[in-house]
Amino acid sequence: MYLLFGTKKILLIDSGATVASTSFPIRKHVEGIINRWCLNNKKQRKDLELVVAHTHNHLDHIAGDGQFQSQLYTTVVGTSVEDMSYFFKLSKWPYSIGTFALDNQRQLAIIPIPGHENASIAFYDCATGLLITGDSLLPGHLYIANFSANVDSIERLLYFIESNNLNVSAILGAHIEMTQTDKVDYPIGATYQPKERLLNLSLDHLHQLNNELQEQWKAGFDQRHKAYYDAFIVDPNPSQLPPYPSDGRMAEHGFILLPLSTLGLVWISHKPMFRTPHDFQLVFTARVTYSNLNHLLLPTNTSILQNQWTILPDLWSLNNLLNGNMTTFSAQFFIGNFEQESLNDSG
Ligand SMILES: [Zn+2]
Ligand SMILES: [Zn+2]
(Lines give C-alpha, C1' and ligand atoms only; values in the text may rest on other atoms or scores of the structure.)
(Ligands and ions follow the chains in the order given, each with its own letter.)
Protein backbone atom coordinates (compact mmCIF):
# COMPACT_ATOMS: atom_id res chain seq x y z
CA MET A 1 0.00 0.00 0.00
CA TYR A 2 1.23 3.47 -0.82
CA LEU A 3 0.12 6.82 0.60
CA LEU A 4 0.99 9.82 -1.57
CA PHE A 5 0.58 13.38 -0.28
CA GLY A 6 -0.29 16.61 -2.03
CA THR A 7 -1.51 19.83 -0.49
CA LYS A 8 -5.04 19.29 -1.85
CA LYS A 9 -5.43 15.55 -2.13
CA ILE A 10 -3.96 12.43 -0.61
CA LEU A 11 -3.95 9.16 -2.52
CA LEU A 12 -4.04 5.74 -0.87
CA ILE A 13 -3.13 3.07 -3.41
CA ASP A 14 -4.68 -0.27 -2.35
CA SER A 15 -6.44 -0.85 0.95
CA GLY A 16 -4.99 -4.17 2.11
CA ALA A 17 -5.86 -7.85 2.32
CA THR A 18 -8.04 -7.87 5.45
CA VAL A 19 -11.62 -6.68 5.90
CA ALA A 20 -11.91 -6.50 9.70
CA SER A 21 -10.97 -3.16 11.26
CA THR A 22 -10.32 -4.90 14.59
CA SER A 23 -7.43 -6.99 13.30
CA PHE A 24 -6.48 -4.59 10.50
CA PRO A 25 -7.32 -0.95 11.39
CA ILE A 26 -6.07 0.49 8.09
CA ARG A 27 -8.24 3.62 8.16
CA LYS A 28 -7.25 4.47 11.73
CA HIS A 29 -3.61 4.07 10.75
CA VAL A 30 -3.89 6.15 7.57
CA GLU A 31 -5.84 8.94 9.33
CA GLY A 32 -3.14 8.95 12.03
CA ILE A 33 -0.47 9.56 9.40
CA ILE A 34 -2.60 12.25 7.73
CA ASN A 35 -3.21 14.06 11.02
CA ARG A 36 0.50 14.11 11.80
CA TRP A 37 1.20 15.41 8.29
CA CYS A 38 -1.45 18.13 8.75
CA LEU A 39 0.17 19.18 12.02
CA ASN A 40 3.64 19.38 10.45
CA ASN A 41 2.38 21.21 7.37
CA LYS A 42 -0.09 23.53 9.14
CA LYS A 43 -3.06 22.11 7.25
CA GLN A 44 -6.56 21.23 8.34
CA ARG A 45 -7.86 17.73 7.66
CA LYS A 46 -11.10 19.15 6.26
CA ASP A 47 -9.16 20.93 3.49
CA LEU A 48 -7.75 17.65 2.20
CA GLU A 49 -9.55 14.88 0.35
CA LEU A 50 -8.39 11.31 0.82
CA VAL A 51 -8.85 9.26 -2.36
CA VAL A 52 -8.63 5.47 -2.11
CA ALA A 53 -7.79 3.85 -5.46
CA HIS A 54 -6.39 0.46 -6.46
CA THR A 55 -3.73 -1.09 -8.64
CA HIS A 56 -6.26 -3.81 -9.52
CA ASN A 57 -9.38 -5.62 -8.45
CA HIS A 58 -7.95 -8.53 -6.43
CA LEU A 59 -9.23 -9.13 -2.91
CA ASP A 60 -5.81 -8.71 -1.28
CA HIS A 61 -5.70 -5.13 -2.60
CA ILE A 62 -9.25 -3.94 -1.92
CA ALA A 63 -10.33 -5.68 1.29
CA GLY A 64 -9.91 -2.57 3.46
CA ASP A 65 -12.24 -0.44 1.29
CA GLY A 66 -15.20 -0.84 3.62
CA GLN A 67 -13.40 1.06 6.37
CA PHE A 68 -13.16 4.14 4.13
CA GLN A 69 -16.62 4.07 2.60
CA SER A 70 -19.05 6.81 3.76
CA GLN A 71 -16.33 8.60 5.74
CA LEU A 72 -15.80 12.36 5.79
CA TYR A 73 -13.36 13.91 3.28
CA THR A 74 -12.89 10.48 1.71
CA THR A 75 -13.61 9.10 -1.77
CA VAL A 76 -13.30 5.41 -2.58
CA VAL A 77 -12.83 4.76 -6.31
CA GLY A 78 -14.70 1.71 -7.58
CA THR A 79 -12.70 -1.29 -8.74
CA SER A 80 -14.25 -2.12 -12.12
CA VAL A 81 -12.93 -0.90 -15.47
CA GLU A 82 -16.07 1.25 -15.78
CA ASP A 83 -15.60 2.86 -12.34
CA MET A 84 -11.95 3.65 -12.98
CA SER A 85 -12.52 4.88 -16.53
CA TYR A 86 -15.12 7.27 -15.13
CA PHE A 87 -13.04 8.50 -12.19
CA PHE A 88 -9.74 8.93 -14.05
CA LYS A 89 -11.49 10.08 -17.28
CA LEU A 90 -10.08 7.27 -19.40
CA SER A 91 -12.26 7.60 -22.49
CA LYS A 92 -10.72 4.65 -24.35
CA TRP A 93 -9.65 1.88 -21.94
CA PRO A 94 -6.91 0.63 -22.03
CA TYR A 95 -5.38 3.08 -24.53
CA SER A 96 -6.06 6.39 -22.75
CA ILE A 97 -3.66 7.85 -20.21
CA GLY A 98 -5.36 9.50 -17.24
CA THR A 99 -4.06 12.20 -14.95
CA PHE A 100 -4.68 12.74 -11.27
CA ALA A 101 -3.42 15.85 -9.47
CA LEU A 102 -2.61 15.81 -5.76
CA ASP A 103 -2.01 19.57 -6.11
CA ASN A 104 -0.49 21.93 -8.70
CA GLN A 105 2.99 20.53 -8.08
CA ARG A 106 2.29 16.81 -7.92
CA GLN A 107 0.64 15.10 -10.88
CA LEU A 108 0.18 11.39 -11.41
CA ALA A 109 -0.30 9.61 -14.71
CA ILE A 110 -2.70 6.65 -14.76
CA ILE A 111 -1.76 3.94 -17.27
CA PRO A 112 -4.20 1.04 -17.80
CA ILE A 113 -2.27 -2.26 -17.89
CA PRO A 114 -4.81 -5.14 -18.00
CA GLY A 115 -3.24 -8.61 -17.97
CA HIS A 116 -2.58 -9.65 -14.38
CA GLU A 117 -6.20 -8.64 -13.87
CA ASN A 118 -8.76 -6.94 -16.14
CA ALA A 119 -8.75 -3.64 -14.27
CA SER A 120 -5.00 -3.34 -13.58
CA ILE A 121 -3.47 0.15 -13.73
CA ALA A 122 -0.04 1.65 -13.08
CA PHE A 123 0.57 5.02 -11.40
CA TYR A 124 3.47 7.21 -12.50
CA ASP A 125 4.33 10.02 -10.08
CA CYS A 126 5.81 12.87 -12.14
CA ALA A 127 7.19 14.58 -9.02
CA THR A 128 9.27 11.66 -7.75
CA GLY A 129 9.67 9.40 -10.80
CA LEU A 130 8.08 6.48 -8.93
CA LEU A 131 6.24 3.94 -11.06
CA ILE A 132 3.74 1.92 -9.02
CA THR A 133 2.87 -1.30 -10.82
CA GLY A 134 0.78 -3.38 -8.37
CA ASP A 135 1.10 -7.10 -9.14
CA SER A 136 2.02 -6.56 -12.80
CA LEU A 137 5.74 -6.05 -12.06
CA LEU A 138 7.18 -6.90 -8.65
CA PRO A 139 10.00 -8.99 -7.16
CA GLY A 140 8.00 -12.23 -7.27
CA HIS A 141 5.56 -14.12 -9.45
CA LEU A 142 4.07 -12.11 -12.27
CA TYR A 143 0.82 -14.04 -12.60
CA ILE A 144 -0.77 -13.43 -15.98
CA ALA A 145 -4.50 -14.03 -16.36
CA ASN A 146 -4.69 -12.67 -19.92
CA PHE A 147 -1.46 -13.17 -21.82
CA SER A 148 -2.19 -11.17 -24.97
CA ALA A 149 -3.54 -8.21 -22.98
CA ASN A 150 -0.44 -8.33 -20.76
CA VAL A 151 1.96 -8.31 -23.72
CA ASP A 152 0.18 -5.24 -25.04
CA SER A 153 0.02 -3.51 -21.65
CA ILE A 154 3.70 -3.86 -20.76
CA GLU A 155 4.65 -2.63 -24.22
CA ARG A 156 2.38 0.42 -23.83
CA LEU A 157 3.69 1.13 -20.33
CA LEU A 158 7.27 1.10 -21.59
CA TYR A 159 6.32 3.22 -24.59
CA PHE A 160 4.61 5.74 -22.30
CA ILE A 161 7.78 6.09 -20.20
CA GLU A 162 10.22 6.24 -23.11
CA SER A 163 8.26 8.33 -25.59
CA ASN A 164 7.74 10.97 -22.90
CA ASN A 165 11.38 10.78 -21.82
CA LEU A 166 10.35 10.14 -18.23
CA ASN A 167 12.79 9.45 -15.45
CA VAL A 168 11.94 6.33 -13.43
CA SER A 169 13.54 6.51 -9.97
CA ALA A 170 12.10 3.15 -8.94
CA ILE A 171 9.44 0.65 -9.92
CA LEU A 172 7.41 -0.33 -6.88
CA GLY A 173 5.22 -3.44 -6.91
CA ALA A 174 2.78 -4.69 -4.31
CA HIS A 175 4.42 -7.87 -2.98
CA ILE A 176 7.90 -9.28 -2.33
CA GLU A 177 8.13 -13.00 -3.04
CA MET A 178 11.80 -13.36 -4.02
CA THR A 179 14.73 -14.10 -1.74
CA GLN A 180 18.07 -12.31 -2.05
CA THR A 181 19.22 -15.31 -4.11
CA ASP A 182 18.61 -14.71 -7.81
CA LYS A 183 15.69 -16.67 -9.33
CA VAL A 184 14.71 -18.17 -5.94
CA ASP A 185 11.29 -17.40 -4.44
CA TYR A 186 9.72 -18.27 -1.09
CA PRO A 187 7.19 -21.11 -1.02
CA ILE A 188 3.67 -19.89 -1.76
CA GLY A 189 1.89 -19.13 1.52
CA ALA A 190 5.11 -18.46 3.46
CA THR A 191 4.53 -16.27 6.52
CA TYR A 192 8.21 -15.85 7.39
CA GLN A 193 10.49 -14.39 4.73
CA PRO A 194 13.98 -13.73 6.07
CA LYS A 195 16.42 -11.96 3.71
CA GLU A 196 13.84 -10.67 1.29
CA ARG A 197 14.87 -9.21 -1.99
CA LEU A 198 14.71 -5.41 -2.23
CA LEU A 199 11.29 -4.06 -3.23
CA ASN A 200 12.70 -1.55 -5.73
CA LEU A 201 12.96 -2.59 -9.34
CA SER A 202 14.35 -0.45 -12.15
CA LEU A 203 13.52 0.42 -15.73
CA ASP A 204 15.88 -2.41 -16.78
CA HIS A 205 13.45 -4.87 -15.23
CA LEU A 206 10.58 -3.41 -17.23
CA HIS A 207 12.72 -3.88 -20.36
CA GLN A 208 13.47 -7.48 -19.33
CA LEU A 209 9.80 -8.23 -18.84
CA ASN A 210 8.84 -6.57 -22.11
CA ASN A 211 11.50 -8.51 -24.05
CA GLU A 212 10.42 -11.82 -22.52
CA LEU A 213 6.75 -11.21 -23.31
CA GLN A 214 7.50 -10.04 -26.85
CA GLU A 215 9.65 -13.11 -27.52
CA GLN A 216 7.05 -15.52 -26.18
CA TRP A 217 4.36 -13.74 -28.16
CA LYS A 218 6.33 -14.08 -31.41
CA ALA A 219 7.18 -17.74 -30.69
CA GLY A 220 3.47 -18.57 -30.56
CA PHE A 221 1.05 -20.21 -28.16
CA ASP A 222 2.70 -23.65 -28.16
CA GLN A 223 6.00 -22.17 -26.93
CA ARG A 224 4.56 -20.16 -24.04
CA HIS A 225 6.13 -20.95 -20.67
CA LYS A 226 7.01 -19.83 -17.18
CA ALA A 227 10.30 -17.87 -17.23
CA TYR A 228 12.73 -17.27 -14.37
CA TYR A 229 14.59 -13.98 -14.07
CA ASP A 230 16.87 -12.91 -11.22
CA ALA A 231 14.29 -10.58 -9.72
CA PHE A 232 10.96 -12.00 -10.91
CA ILE A 233 9.20 -15.01 -12.41
CA VAL A 234 6.95 -14.60 -15.45
CA ASP A 235 4.16 -16.98 -14.49
CA PRO A 236 1.19 -17.25 -16.88
CA ASN A 237 -1.93 -18.87 -15.39
CA PRO A 238 -2.47 -22.49 -16.57
CA SER A 239 -5.36 -21.33 -18.78
CA GLN A 240 -2.87 -19.16 -20.70
CA LEU A 241 -0.38 -21.97 -21.33
CA PRO A 242 -0.45 -24.76 -23.92
CA PRO A 243 -1.99 -27.97 -22.55
CA TYR A 244 0.19 -30.99 -21.76
CA PRO A 245 0.21 -33.58 -24.58
CA SER A 246 -3.08 -35.41 -24.14
CA ASP A 247 -2.95 -39.04 -23.01
CA GLY A 248 0.63 -38.38 -21.83
CA ARG A 249 2.02 -39.70 -18.51
CA MET A 250 -0.14 -42.83 -18.82
CA ALA A 251 0.40 -45.10 -15.80
CA GLU A 252 -1.06 -46.44 -12.58
CA HIS A 253 -0.42 -43.36 -10.46
CA GLY A 254 -0.21 -43.68 -6.71
CA PHE A 255 -1.60 -40.96 -4.46
CA ILE A 256 -1.54 -40.17 -0.77
CA LEU A 257 -5.00 -39.41 0.54
CA LEU A 258 -5.88 -37.35 3.58
CA PRO A 259 -9.55 -37.26 4.64
CA LEU A 260 -10.65 -33.70 5.42
CA SER A 261 -14.27 -34.24 6.39
CA THR A 262 -16.69 -37.06 7.15
CA LEU A 263 -18.64 -35.95 4.06
CA GLY A 264 -15.94 -37.39 1.84
CA LEU A 265 -13.82 -34.32 1.12
CA VAL A 266 -10.23 -35.48 0.70
CA TRP A 267 -6.87 -33.99 -0.03
CA ILE A 268 -4.94 -35.97 -2.63
CA SER A 269 -1.25 -35.75 -3.41
CA HIS A 270 0.42 -37.51 -6.31
CA LYS A 271 3.53 -39.46 -5.30
CA PRO A 272 5.99 -37.87 -7.69
CA MET A 273 9.21 -39.43 -8.93
CA PHE A 274 12.04 -38.01 -10.98
CA ARG A 275 11.27 -39.91 -14.16
CA THR A 276 8.30 -39.72 -16.46
CA PRO A 277 5.41 -40.69 -16.24
CA HIS A 278 5.49 -39.78 -12.54
CA ASP A 279 7.49 -36.53 -12.80
CA PHE A 280 4.79 -34.14 -11.70
CA GLN A 281 3.89 -32.94 -8.22
CA LEU A 282 0.15 -32.46 -8.07
CA VAL A 283 -1.95 -31.72 -5.00
CA PHE A 284 -5.70 -31.26 -5.16
CA THR A 285 -8.91 -31.73 -3.21
CA ALA A 286 -11.58 -34.17 -4.32
CA ARG A 287 -14.79 -35.73 -3.09
CA VAL A 288 -15.22 -39.45 -2.52
CA THR A 289 -18.55 -40.67 -3.90
CA TYR A 290 -19.98 -44.17 -4.30
CA SER A 291 -17.56 -45.47 -1.74
CA ASN A 292 -18.11 -48.96 -0.40
CA LEU A 293 -16.11 -47.97 2.65
CA ASN A 294 -18.22 -47.14 5.67
CA HIS A 295 -16.28 -44.01 6.38
CA LEU A 296 -12.78 -42.68 6.07
CA LEU A 297 -10.96 -42.28 9.35
CA LEU A 298 -10.34 -38.60 9.95
CA PRO A 299 -6.88 -37.80 11.25
CA THR A 300 -6.99 -36.43 14.80
CA ASN A 301 -3.86 -34.35 14.33
CA THR A 302 -3.32 -32.92 10.88
CA SER A 303 0.32 -32.11 11.55
CA ILE A 304 1.07 -35.82 11.81
CA LEU A 305 -0.15 -38.16 9.12
CA GLN A 306 -1.88 -40.77 11.19
CA ASN A 307 -4.13 -43.27 9.45
CA GLN A 308 -2.31 -42.74 6.20
CA TRP A 309 -4.37 -43.76 3.23
CA THR A 310 -3.09 -44.28 -0.25
CA ILE A 311 -5.05 -44.89 -3.41
CA LEU A 312 -4.13 -46.73 -6.55
CA PRO A 313 -6.34 -45.73 -9.47
CA ASP A 314 -6.69 -47.60 -12.74
CA LEU A 315 -4.40 -46.93 -15.67
CA TRP A 316 -4.89 -43.38 -16.92
CA SER A 317 -3.14 -40.26 -18.18
CA LEU A 318 -1.95 -37.77 -15.57
CA ASN A 319 -1.80 -35.11 -18.32
CA ASN A 320 -5.53 -35.47 -18.94
CA LEU A 321 -6.13 -34.71 -15.27
CA LEU A 322 -3.70 -31.74 -15.42
CA ASN A 323 -5.45 -30.34 -18.49
CA GLY A 324 -8.84 -30.57 -16.82
CA ASN A 325 -10.11 -33.17 -19.31
CA MET A 326 -10.70 -35.71 -16.57
CA THR A 327 -12.69 -34.87 -13.47
CA THR A 328 -13.55 -38.27 -11.99
CA PHE A 329 -11.73 -41.56 -11.53
CA SER A 330 -12.19 -44.71 -9.49
CA ALA A 331 -9.50 -46.14 -7.29
CA GLN A 332 -8.67 -48.71 -4.67
CA PHE A 333 -8.08 -47.49 -1.14
CA PHE A 334 -5.23 -48.78 0.96
CA ILE A 335 -4.58 -48.24 4.63
CA GLY A 336 -0.87 -47.51 4.66
CA ASN A 337 1.30 -47.49 1.58
CA PHE A 338 -0.04 -49.49 -1.36
CA GLU A 339 3.53 -50.28 -2.41
CA GLN A 340 4.14 -52.13 0.83
CA GLU A 341 2.19 -54.85 2.60
CA SER A 342 -1.02 -53.12 3.53
CA LEU A 343 -4.69 -53.65 4.02
CA ASN A 344 -6.52 -53.40 0.74
CA ASP A 345 -9.91 -51.84 1.15
CA SER A 346 -11.45 -51.39 -2.26
CA GLY A 347 -13.49 -48.26 -2.73
ZN1 LIG B 1 -3.20 -9.46 -7.88
ZN1 LIG C 1 -1.54 -9.12 -4.93
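Parameters at a glance
- Residues numbered from 1 in each chain as written.
- Chains lettered and ligands numbered in written order.
- Predicted model: local features only at pLDDT ≥ 70, side-chain atom pairs only at ≥ 80, totals over all residues.
- Heavy atoms only, no water.
- Patch = residues over 30% accessible without salt bridge, like charges linked within 9 Å, V, L, I, M, F, W, Y side chains within 5 Å.
- Areas by Shrake-Rupley, 256 points an atom, 1.4 Å probe, with all protein chains shown as cover.
- Salt bridge = Lys/Arg side-chain N within 4 Å of Asp/Glu carboxyl O.
- Helix = DSSP H or I, 4+ residues; strand = E, 2+ residues; numbered from the N terminus.
- 1 Å grid on protein atoms, 1.4 Å probe; cavity = no way out; pocket = protein on both sides within 12 Å on 5 of 7 lines; lining within 4 Å.
- Points joined across faces, edges and corners; volume = space filled by probe spheres on them.
- Nonpolar A, V, L, I, M, F, W, Y, C, P; charged D, E, K, R; others polar.
- Domains from an automatic or database assignment.
- Donors = N, O, S within 2.8 Å, 3.2 Å for Na, K, Ca; no water.
- Tetrahedral: all angles 85-135°; square planar, octahedral: opposite > 155°, others 65-115°.
- Expected span 1.5 Å × (residues − 1).
- Buried < 20%, exposed > 50% of the residue type's maximum accessible area, 1.4 Å probe, protein only.
- Contact = heavy atoms within 4.5 Å.

Engineer: Sorry if this is basic, but what is going on with a nonpolar patch on the surface here?
Structural biologist: Taken together, the side chains of Leu-260, Trp-267 and Val-283 present a nonpolar region at the surface, about 250 Å² in accessible area. By secondary structure assignment, the location of Leu-260 is in the loop between strand 14 (255-259) and strand 15 (265-270).

Engineer: What am I meant to see in the layout of surface pockets here?
Structural biologist: Rolling a probe over the atoms, with the probe sized like a water molecule, indicates the empty space that remains. Put simply, the largest pocket is a space of about 520 Å³. Lining the largest pocket are 18 residues, with Pro-238, Leu-241, Tyr-244, Phe-280 and Leu-322 positioned closest to its centre. Going through the elements one at a time, strand 12 (233-236) and helix 7 (318-322) are the ones with two or more residues in the lining of the largest pocket. Tallied by class, the residues present in the lining of the largest pocket amount to 13 nonpolar, 3 polar and 2 charged. Residue contributions to the lining of the largest pocket reach at least three from each of two domains, namely domain 1 (2-240) and domain 2 (250-346). Considered as a void within the structure, the second largest pocket measures approximately 430 Å³ in volume.

Engineer: So what exactly am I meant to see when it comes to the coordination of the zinc ion (ligand 2) here?
Structural biologist: A four-donor tetrahedral metal ideally has 109.5 degree angles, and a six-donor octahedral metal ideally has angles of 90 or 180 degrees. Listed as protein donors to the zinc ion (ligand 2) are Asp-60 (OD), His-61 (NE2), Asp-135 (OD) and His-175 (NE2); their distances from the metal cover 2.0 to 2.5 Å. If you look at the zinc ion (ligand 2), its 4 donor atoms make angles of 89 to 155° with each other, and the shape they trace is irregular. Along the chain, the residues donating to the zinc ion (ligand 2) fall in the pattern D-H-x73-D-x39-H. Taken as an interatomic distance, the gap from the zinc ion (ligand 2) to the zinc ion (ligand 1) is 3.4 Å; Asp-135 donates to each of them. Residue Asp-60 is located in helix 2 (residues 59-62), and its partner His-175 is located in the loop between strand 10 (170-173) and helix 6 (203-219); the two are separated by 115 residues in the primary sequence.

Engineer: Explain helix 6 here, please?
Structural biologist: Counting along an α-helix, one turn takes 3.6 residues, and residues three or four places apart therefore face a common direction. For helix 6, built from 17 residues, the straight-helix expectation of 24 Å at 1.5 Å per residue is met to within 8% by its first-to-last C-alpha distance of 24 Å. Of all the positions in helix 6, only His-205, Leu-206, Leu-209, Asn-210, Glu-212, Leu-213, Gln-214 and Gln-216 are classed as buried. Where helix 6 is buried, its residues meet strand 8 (130-134), strand 9 (141-144), helix 5 (147-163), strand 10, strand 11 (227-228) and strand 12. Phi for Gly-220, located one or two positions after helix 6, is positive at around 95°.

Engineer: Explain the pattern of salt bridges to me, please; I cannot follow it from the model alone.
Structural biologist: Following the criterion strictly, the structure yields 8 salt bridges and no others. Note that Arg-45 is salt-bridged to Glu-31, the shortest N-O span being 2.8 Å. Note that Arg-45 is positioned in the loop between helix 1 (26-41) and strand 3 (49-53) and Glu-31 in helix 1, a separation of 14 residues in sequence. Given a relative accessible area of 11%, Glu-31 falls into the buried group. One salt bridge in this structure joins Arg-156 and Asp-152, with 3.5 Å as the shortest N-O distance. Pair noted here: Arg-156 and Asp-152 are both in helix 5, with a separation of 4 residues, about one helical turn. The exposure class assigned to Arg-156 is buried, which follows from its relative accessible area of 17%.

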